[in-house]
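# A structural walkthrough
Residue strings, one per chain:
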Amino acid sequence: MGTMVDASKDIDWSFPGDKKITVVFVLGGPGSGKGTQCANIVKHFGFTHLSAGDLLRAEIKSGSENGTMIANMIKEGKIVPSEVTVKLLQKAMLESGNDKFLIDGFPRNEENRTAFENVTKIEPEFVLFLDCPEEEMERRILNRNQGRDDDNIETMRKRFKVFVESSLPVVEYYDSKGKVRKIDAAKPVDEVFEAVKVIFAPFNPEENRLNITKRMGLENIIYCIKWLFRDVWSILTNILSKVLFWRTICRDP
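- By the naming in an unreviewed UniProt entry, the protein chain is UMP-CMP kinase, taken from Phoenix dactylifera.
- Of the comments in the UniProt record for the protein chain, the one headed Subunit (unreviewed entry) reads "Monomer."
- As recorded by UniProt, the Sequence similarities (unreviewed entry) comment attached to the protein chain reads in full: "Belongs to the adenylate kinase family. UMP-CMP kinase subfamily."

And the structure:
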């Protein structure tokens, strides 16, 4: 059975005050490659990938009181309160034991955004925005075979319209704060990930260690050159002074 996480319940899902939590929102239209790139980031950079939609579906499937409430709201055509979704995300983040998170397809709108920041007290490190033309996303969705009911042209166009009207304002908000990292997601998957790797490089401890090692190696070389030059100069100066001394003596009658 799932755990009740209704926003009306007084449950403390807050993070320890001394723990630095890194959150990256991954946004893009349907078919822009969010899931594929998130999987690559998880593999190479140690993030935990969370999808608000997956968490809602899992809560419904669990048969919990909260899941039943969510299912009934969806059946009635109502919007699930943002705080309910945020509580599910927050609970999953705490249970993961990690401190670096990719949140895929969220926030979907400004209400989601404000609820997340107000409830978790966390601002995203940045937003990874996978920018892809509608025609390319449409082609990808029609070509993929995931057995999803929403993989059809009509539903895809509705989802894209919702993304433009509701999610792009979120991207624009964070862009105004200098927190958007925009990627051309129309390119092949490998090329897109090469661009993504540049953005996430600071989160790769192994690469950072290599960079430090290289930098230390260069510093040691520079130090050795300075030390060698100093000693050579000292020797040359000493020889020159002796030569001048003997020349002076030899010239005296």
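Don't stop here, the text continues.
## Topic: the UniProt feature "binding site: a ribonucleoside 5'-phosphate" (unreviewed entry) in the protein chain
- As annotated in UniProt, the feature "binding site: a ribonucleoside 5'-phosphate" (unreviewed entry) corresponds to Arg-57, Lys-78, Ile-79, Val-80, Gly-105, Phe-106, Pro-107, Arg-108, Arg-148 and Arg-159 in the numbering used here.
- When you line up the elements, Lys-78 lands in the loop between α3 (65-75) and α4 (82-96).
- Here Phe-106 shows up in the loop between β3 (100-104) and α5 (110-120).
- Residue Phe-106 is classed as buried on the basis of its relative accessible area of 2%.
- Filtering out sequence-adjacent residues up to four positions away, Phe-106 remains in contact with Phe-25, Val-26, Leu-27, Ala-52, Thr-85, Val-86, Leu-89, Asn-112 and Phe-116.

## Some remarks on α5
- For α5, the complete set of buried residues consists of Asn-112, Arg-113, Ala-115, Phe-116, Glu-117, Val-119 and Thr-120.
- Next to the buried residues of α5 lie β1 (22-28), α4, β3 and α7 (153-175).
- For α5, the side-chain oxygen to backbone nitrogen distance between the N-cap and Glu-111 is 3.2 Å, and the N-cap itself is Asn-109.

## A few points about the UniProt feature "binding site: CMP" (unreviewed entry) in the protein chain
- The UniProt record annotates "binding site: CMP" (unreviewed entry) at Asn-112.
- Turning to its location among the elements, Asn-112 is positioned in helix α5.
- A relative accessible area of 8% means that Asn-112 is categorised as buried.
- Excluding anything up to four places from it in sequence, Asn-112 contacts Ser-82, Val-86, Phe-106 and Pro-107.

## Some thoughts on helix α2 (residues 52-62)
- Along α2, the positions that sit buried rather than exposed are Ala-52, Gly-53, Leu-55, Leu-56 and Glu-59. Summarising the axial view, the buried residues of α2 lie within an arc of 165 degrees, below the 170-degree limit, and thus occupy one face. What points out from α2, more than 90 degrees from its buried face, is the exposed set Arg-57 and Lys-61.
- Taken together, the buried residues of α2 touch β2 (48-51), α3, α4 and β3.
- Positioned one or two residues after α2, Gly-63 has a phi angle of 80 degrees, which is positive.

## Topic: unusual backbone geometry
- Going from Phe-106 to Pro-107, the amide bond is cis rather than trans, its omega being 5 degrees.
- As for its placement among the helices and strands, Pro-107 is situated in the loop between β3 and α5.
- Phi is positive for Lys-121, which is not a glycine, with a value near 60 degrees.
- Summarising the element assignment, Lys-121 is placed in the loop between α5 and β4 (126-131).

## Comments concerning the pattern of salt bridges
- The full count for this structure, using the stated rule, is 14 salt bridges.
- Linking Lys-179 and Glu-123 is a salt bridge whose minimum nitrogen-to-oxygen distance equals 3.2 Å. In this pair, Lys-179 sits in the loop between α7 and β5 (180-184) while Glu-123 sits in the loop between α5 and β4, placing the two residues 56 residues apart along the sequence.
- When salt bridges with common partners are traced through the structure, they connect Glu-110, Arg-113 and Glu-117 into a single cluster.

## Structural notes on the packing of helix α1 (residues 34-45) against helix α8 (residues 189-200)
- Packing of α1 against α8 brings their axes to within 10 Å, and their N-to-C directions diverge by 50 degrees. Between α1 and α8, the angle falls in the class oblique. In this structure, α1 crosses over α8, and the sense of that crossing is right-handed. Between α1 and α8, the residues in contact are Thr-36, Gln-37, Asn-40, Ile-41, His-44 and Phe-45 and Val-189, Val-192, Phe-193, Val-196, Lys-197 and Phe-200, respectively.
- A per-class count over the contact of α1 with α8 returns seven nonpolar, four polar and one charged.

## Examining the packing of aromatic side chains
- Tallied over the full model, the rule gives 12 aromatic pairs.
- Centroid distance Phe-45 to Phe-200: 5.8 Å. Interplanar angle 35 degrees. Geometry classified as tilted. On the criterion of sequence distance, the pair formed by Phe-45 in helix α1 and Phe-200 in helix α8 is long-range, its members being 155 residues apart. Of the two residues, Phe-45 and Phe-200, neither departs from the other in class, the shared state being buried.
- For the pair Tyr-173 and Tyr-174, a centre-to-centre distance of 5.1 Å together with 75 degrees between the ring planes defines the contact as edge-to-face.
- Grouped by ring-pair contacts, the aromatic residues Phe-25, Phe-106, Phe-116, Tyr-173 and Tyr-174 constitute a single cluster.
- When the ring centre of Tyr-173 is taken as origin, the NZ or CZ atom of Arg-113, which lies over that ring, is 3.6 Å away.

Cut-off values and rules
- Residues numbered from 1 in each chain as written.
- Predicted model: local features only at pLDDT ≥ 70, side-chain atom pairs only at ≥ 80, totals over all residues.
- Heavy atoms only, no water.
- UniProt positions renumbered as here; feature names shortened; annotations may be inferred.
- Helix = DSSP H or I, 4+ residues; strand = E, 2+ residues; numbered from the N terminus.
- Buried < 20%, exposed > 50% of the residue type's maximum accessible area, 1.4 Å probe, protein only.
- Contact = heavy atoms within 4.5 Å.
- Polar contact = N/O pair within 3.5 Å; in protein donor to acceptor, adjacent residues only side chain to side chain.
- Arc of directions from axis to C-beta.
- Salt bridge = Lys/Arg side-chain N within 4 Å of Asp/Glu carboxyl O.
- Axes fitted to C-alpha atoms, helices over the stretch in contact; angles between N-to-C directions.
- Parallel < 35°, antiparallel > 145°, perpendicular 65-115°, else oblique.
- Left-handed = near helix turned anticlockwise from the far one by under 90°.
- Nonpolar A, V, L, I, M, F, W, Y, C, P; charged D, E, K, R; others polar.
- Phe/Tyr/Trp six-rings, centres within 6.5 Å; stacked < 30°, edge-to-face > 60°.
- Lys NZ or Arg CZ within 6 Å of the ring centre and 35° of its normal.

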